[in-house]
Amino acid sequence: SNNSISIHVAIQNITQYPLYYIRHYGPRLDNRIDSQLTYLWLARLPKRHDEIQIKLDDEVADHKWISLEEFSDWIEADARDHDKEKEEHNLRHHGGKKDDGPPSGDFCHHTIRSLYAKGL
């Protein structure tokens, strides 16, 4: 038997126009470039997050609920602590070639942070 319960979620655009997202992965990923237009959306849940059982697909390795304040602090700290170090690491390990792709396992790349910051 299926124990799923459906809920209604209110979704709205939080950007009037789509944002252009581009990311150059560099030599580690055969110079792949992702380029797309995207809107940022706000999804309002009818209950608190801890009252809803969410089924995530297999692309989601892990998740964590945090407040907007914690989220904003996390983005700022990540930007301060990692960008220069990551850029220097990438340049050293790839013959001085510019590579703005993240090291393995790094999710909060500066291009992703820029989309998050726009949403805040």
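Conventions and cut-offs
- Residues numbered from 1 in each chain as written.
- Predicted model: local features only at pLDDT ≥ 70, side-chain atom pairs only at ≥ 80, totals over all residues.
- Heavy atoms only, no water.
- pLDDT = per-residue confidence, 0-100.
- Helix = DSSP H or I, 4+ residues; strand = E, 2+ residues; numbered from the N terminus.
- Salt bridge = Lys/Arg side-chain N within 4 Å of Asp/Glu carboxyl O.
- Buried < 20%, exposed > 50% of the residue type's maximum accessible area, 1.4 Å probe, protein only.
- Patch = residues over 30% accessible without salt bridge, like charges linked within 9 Å, V, L, I, M, F, W, Y side chains within 5 Å.
- Areas by Shrake-Rupley, 256 points an atom, 1.4 Å probe, with all protein chains shown as cover.
- Lys, Arg positive; Asp, Glu negative; His and termini not counted.
- Charge placed at Lys NZ, Arg CZ, Asp CG, Glu CD.
- Core = buried A, V, L, I, M, F, W, Y, C linked by side-chain atoms within 4.5 Å.
- Contact = heavy atoms within 4.5 Å.

**Student:** Can you walk me through the confidence of the model for the chain in this structure?
**Tutor:** Should pLDDT be low for a region, the predicted coordinates there are not to be read in detail. In the predicted model, the chain carries a mean pLDDT of 75, and the fraction of residues at 70 or more is 71%. By mean pLDDT, the top-scoring element of the chain is strand S1 (residues 10–13) (91), and the lowest-scoring one is helix H1 (residues 68–93) (70).

**Student:** Just checking my understanding: could you explain the pattern of salt bridges for this structure?
**Tutor:** Should their charged atoms come close, side chains of opposite charge can pair. Within this structure, the stated rule accounts for two salt bridges. For Asp34, the salt bridge goes to Arg32, with nearest N and O atoms at 2.9 Å. A relative accessible area of 42% places Arg32 in the partly exposed class. Of the charged contacts in the structure, one is a salt bridge between Arg48 and Asp50, with a shortest N-O distance of 3.1 Å.

**Student:** How do you make sense of a negative patch on the surface when you look at a structure like this?
**Tutor:** A grouping of Glu69, Glu70, Asp73 and Glu76 is seen on the molecular surface, where their side chains present a negatively charged patch. With respect to the helices and strands, Glu76 occurs in helix H1.

**Student:** I'm lost on the environment of Ser72 in this one. Help?
**Tutor:** In this structure, Ser72 sits in helix H1. Under the relative-accessibility criterion, Ser72 is labelled partly exposed at 23%. When the C-alpha positions of Ser72 and Tyr116 are compared, they lie 8.6 Å apart, and in sequence the two are 44 residues distant.

**Student:** Could you clarify how one ought to interpret the nonpolar core in this entry?
**Tutor:** As a rule of thumb, nonpolar side chains are buried together in soluble globular proteins. Listed in full, the five residues of the largest apolar core are Leu19, Tyr21, Leu40, Ile112 and Leu115. Among the elements of the structure, strand S2 (19–26) and helix H2 (110–119) are those that each provide at least two residues to this core. Leaving out residues up to four positions away in the same chain, Leu19 has contacts with Gln36, Leu37, Thr38, Leu40, Leu115 and Lys118.

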